[in-house]
Amino acid sequence: MTHLWVRAEQRDNEERVGLTPDGAARLIDAGMQVTVEESSFRAIPIQGYRDAGCEIAAENSWPGAPADAIIFGLKELPDDGTPLTHRHILFGHAFKGQPAGRVLLKRFKAGGGTLYDLEYLVDESGRRVAAFGYWAGFAGAAVALKCWAAQRRGGIAGPVSTYASSQALRDELSAELAAIGTSRPKALVIGALGRVGTGAADLCAAMDVEVTKWDMQETSHGGPFPEVLDHDIFLNCILARPDTPVFVPAIAKTAPRRLSVIGDIACDPDSVFSPIKVYDRTTTWDEPALRVQDVPVLDVTAIDNLPSLLPVESSQDYARQLLPSLLSLDDLEGGVWGRARATFNDHIRGL
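Throughout what follows, the structure given in this document is the object of discussion. For every chain, the first residue of the written sequence is number 1, and numbering continues from 1 onward in sequence order. pLDDT decides what is reported in this predicted model: residues at 70 or higher carry local features, side-chain atom pairs at 80 or more are listed and counted, and totals for whole chains, interfaces and linings draw on all residues regardless. Water and hydrogen atoms were dropped before computing side-chain values, which therefore reflect all heavy atoms in the structure.

One face of the sheet, then the other: side chains in a regular strand alternate in exactly this way. The cut-offs for exposure are 20% and 50% of the maximum accessible area for each residue type, with area from a 1.4 Å probe on protein chains only; residues under the lower value are buried, those over the upper are exposed, and the others partly exposed. Secondary structure elements are defined from DSSP: runs of H or I of at least 4 residues count as helices, runs of E of at least 2 residues count as strands, and each element is numbered from the N terminus. In strand 6 (residues 114-117), alternate side chains face the same way, and those of T114 and Y116 on one face and L115 and D117 on the other are all buried. Two elements, strand 5 (residues 87-90) and strand 6, share four bridges in a ladder whose sense is parallel. Bridging from a neighbouring strand, H88 pairs with L115 of strand 6. For the handedness criterion, the β-α-β arrangement of strand 5, helix 3 (residues 99-111) and strand 6 is classed as right-handed. Here, a strand pair is defined by DSSP locating no fewer than two bridges between the strands. Throughout, right-handed denotes a crossover for which the path from the first strand over the helix to the second runs clockwise when the strands point away from the viewer.

In structure tokens:
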């Protein structure tokens, strides 16, 4: 019997989960065993999982789970260096040359475990079967607008936190923008036809922000892209890959420009493929804006768990997308799981 163990997230500001109680009930009806850890932070209460028939385990008890259990979480595991013996489903951020990712892979190699990276669960055409992209774009555009508003007030953006709903976020942001007047920035969204770009553009539209939408057709020439500097806000919604062009070179910091806020929603600054060369680290919920240039001012916001600002809606959406793949966990050698395992094996061999 396939045993899926849903662990509690241990990262700060992480309330999401990749399986809802309704989805858990579907898995149990399909003959799977589902264990869900208690959590001090999860946005979806544990009682729903208990009512669905899940076994309930203590928070953060997954290291002692049965050897055949598949451990399912979203964000990083504790960085304690221990060998990883289980099969894990999570966003590993380990296959693009990230230093922390290499450390993670070494832990899997040492323990004999396997990483099924959620970013690399793809169908036959290479398209991801599930993604938080829409809500990343939505929340990322909101934080970028908060950065712009803070600049207009003569400061830098303050801490952000979770919202009960996307409507609550829109209401707060509308009031914040209204408090500084009627003017609105002009934004450029790259990757506008994808999930992330759609979310970003939708938030901008809700805030009456003019949006220039670019996708593959507008970026296929490979750059340079001087138009980026002619917008107030640049929203990068394209994942870093070997063929991704540079949208914002290092010289943009001192170049003549209108640009004052970069929202790197794709957020992969330590990848060699990053298309934004004016910063080198992620930003945080406590300090969402990194000021990379004072004159003229330029702030970068690059939070790597943006959908967590809207934990209920983003969890429900992602869980719905992922459920068909979870229902196929009995066949780890084929389909999306086989492809993810092959990607992991390729990188393990390269260590």
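The residue F108 is located in helix 3 in this model. The buried category is assigned to F108, whose relative accessible area is 1%. Sequence separation between F108 and R170 is 62 residues; the distance between their C-alpha atoms is 41 Å. It only takes one pair of heavy atoms within 4.5 Å for two residues to be counted as in contact. If we ignore the near neighbours within four places in the chain, the residues touching F108 are L84, H86, H88, G113, T114, L115 and F344.

Turning to the sheet that holds strand 1 (residues 3-6), a few remarks are in order. Strand order in this open sheet of six strands is 3-2-1-4-5-6, and the pairing throughout is parallel. At either margin of the open sheet sits one strand with a lone partner, and together these are strand 3 (55-57) and strand 6. Across this sheet, the average inter-strand angle for adjacent strands is 25 degrees, counted without regard to direction. Across the face of the sheet, helix 9 (residues 335-349) comes into contact with strand 5 and strand 6 while running at roughly 120 degrees to strand 6. For every element, the axis is a line fit to its C-alpha atoms; helices are fit only across the contacting stretch, and the angle between N-to-C directions ranges from 0 to 180 degrees.

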